[in-house]
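So you can see what is in the structure, the chains are spelled out below.
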Amino acid sequence: MFFEPGFFGTAAPLYLDLATSYFFILPFLILYSISYAIKKQYKKHYISQFVIIVITLVVVVIFELGLRLDGGFQKYSQDSSYNYVFLLIYLLAHIVLAVMTLSYWTYFVFTSYKAYKTGNLEKKHKQKGRYVFGLILLTSLTGLSFYALLFI
Ligand code: HEM
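What counts and how
- Residues numbered from 1 in each chain as written.
- Predicted model: local features only at pLDDT ≥ 70, side-chain atom pairs only at ≥ 80, totals over all residues.
- Axes fitted to C-alpha atoms, helices over the stretch in contact; angles between N-to-C directions.
- Helix = DSSP H or I, 4+ residues; strand = E, 2+ residues; numbered from the N terminus.
- Parallel < 35°, antiparallel > 145°, perpendicular 65-115°, else oblique.
- Left-handed = near helix turned anticlockwise from the far one by under 90°.
- Contact = placed C-beta atoms within 7 Å.
- Nonpolar A, V, L, I, M, F, W, Y, C, P; charged D, E, K, R; others polar.
- Expected span 1.5 Å × (residues − 1).
- Buried ≥ 20, exposed ≤ 12 C-beta atoms within 10 Å, placed from the backbone.
- Near = placed C-beta within 6 Å.

Asks: Explain the packing of helix α4 (residues 84-117) against helix α5 (residues 125-151) here, please?
Replies: Between two packed helices, the angle of one axis relative to the other and the distance separating the axes together describe the packing. It is the contact of α4 with α5, at a shortest axis distance of 9 Å, that shows an interaxial angle of 150°. Taken together, the axis directions place α4 and α5 in an arrangement best described as roughly antiparallel. Two packed elements cross with a definite hand, and for α4 against α5 that hand is left-handed. Between α4, through Leu-87, Tyr-90, Leu-91, His-94, Leu-97, Ala-98, Thr-101, Tyr-104, Trp-105, Phe-108 and Ser-112, and α5, the contact on the second element is made entirely by His-125, Lys-128, Val-132, Leu-135, Ile-136, Leu-138, Thr-139, Thr-142, Gly-143, Phe-146 and Leu-149. Here the contact of α4 with α5 is built from residues that sort into 14 nonpolar, seven polar and one charged.

In structure tokens, the structure reads:
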């Protein structure tokens, strides 16, 4: 079922359509969490960050398993009209960005929480938080455009 064609009507399997939909929604979820900080509802702000990061890690694991089981990039790139080397470079750049973003975001969530609980949240949290949001947005956009390059 997960490897049957998905609901977007493209050649992509269902698990990729599900993961892609999630990565489209993700920046909006982060904005929603930040809106709690703006309203000074800090508990909702940090709990929502923990919830979003756990859901994201689960989606990433499902996505990685699906790729490994279904043949991955080698299989999908064969049906794309774009040049293989171009797709490979794009994919590598996306992977580097995604790994950096996920690592830094996870680190930022835990260190911010610890600092907040001990009353040491740095003044730069606001600025760094916006930077993390920018990284998440960029990662989502490069992922979504990679889907478009492969399947549309
Ligand atoms: C989970 C641990 C976190 C805690 C305890 C926490 C706590 C806070 C607190 C107390 C503030 C208000 C302080 C201030 O405005 O300088 C704040 C603001 C902010 N946080 Fe966090 N935060 C956490 C995680 C994050 C993450 C992961 C992001 C980004 C993805 C983020 C983005 C922001 C932003 C952008 C603001 C500024 C909102 C505004 O414009 O007023 N925070 N956070």
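Having put the structure on the table, let's press on.
Asks: Quick question: what am I supposed to make of α5 here?
Replies: Owing to its 3.6 residues per turn, the α-helix brings residues three or four apart onto one side. Its 27 residues place the ends of α5 39 Å apart at the C-alpha level, agreeing with the 39 Å of an ideal helix rising 1.5 Å per residue. Among the residues making up α5, those that are buried are Ile-136, Thr-139, Ser-140, Gly-143 and Leu-150. Buried residues in α5 make contact with α1 (14-38), α3 (72-78) and α4.

Asks: Looking at this model, I keep getting lost on the site of the ligand. Mind explaining?
Replies: By nearness alone, 20 residues border the ligand, and Ala-37, Tyr-46, Ser-112, Tyr-116 and Gly-129 come closest of all. Listing elements by their share of the shell around the ligand, those giving two or more residues are α1, α2 (42-70), α4 and α5. It is α5 that provides the largest number of residues to the shell around the ligand, a total of six residues. Along the lines of polarity and charge, the residues of the shell around the ligand split into 13 nonpolar, five polar and two charged.

Asks: Would you mind showing me how to read α2 here?
Replies: Given a rise of 1.5 Å per residue, 29 residues ought to cover 42 Å, and the 42 Å separating the end C-alpha atoms of α2 matches this to within 8%. Following α2 by one or two positions, Gly-71 adopts a phi angle in the positive range, close to 105°.

Asks: Would you mind showing me how to read unusual backbone geometry here?
Replies: Excluding glycine, a negative phi dihedral is what most residues carry, and trans is how most peptide bonds are arranged. Although it is not a glycine, Lys-40 sits at a positive phi angle of roughly 65°. Relative to the elements of secondary structure, Lys-40 occurs in the loop between α1 and α2.

Asks: Before we go on, may I ask you to explain the packing of α1 against α2 in this structure?
Replies: Here α1 crosses α2 at 165°, and the two axes come no closer than 10 Å. It follows that α1 is roughly antiparallel to α2 by the angle criterion. In the crossing of α1 with α2, the sense of the turn from one axis to the other is left-handed. Between α1 and α2, the residues in contact are Tyr-15, Leu-16, Ala-19, Tyr-22, Leu-26, Leu-29, Ile-30, Tyr-32, Ser-33, Tyr-36 and Ala-37 and Tyr-42, Lys-44, His-45, Ser-48, Gln-49, Ile-52, Thr-56, Val-59, Ile-62, Phe-63 and Gly-66, respectively. Residue composition of the contact of α1 with α2, by class: 15 nonpolar, six polar and one charged.

Keep in mind these values describe shape, not function.
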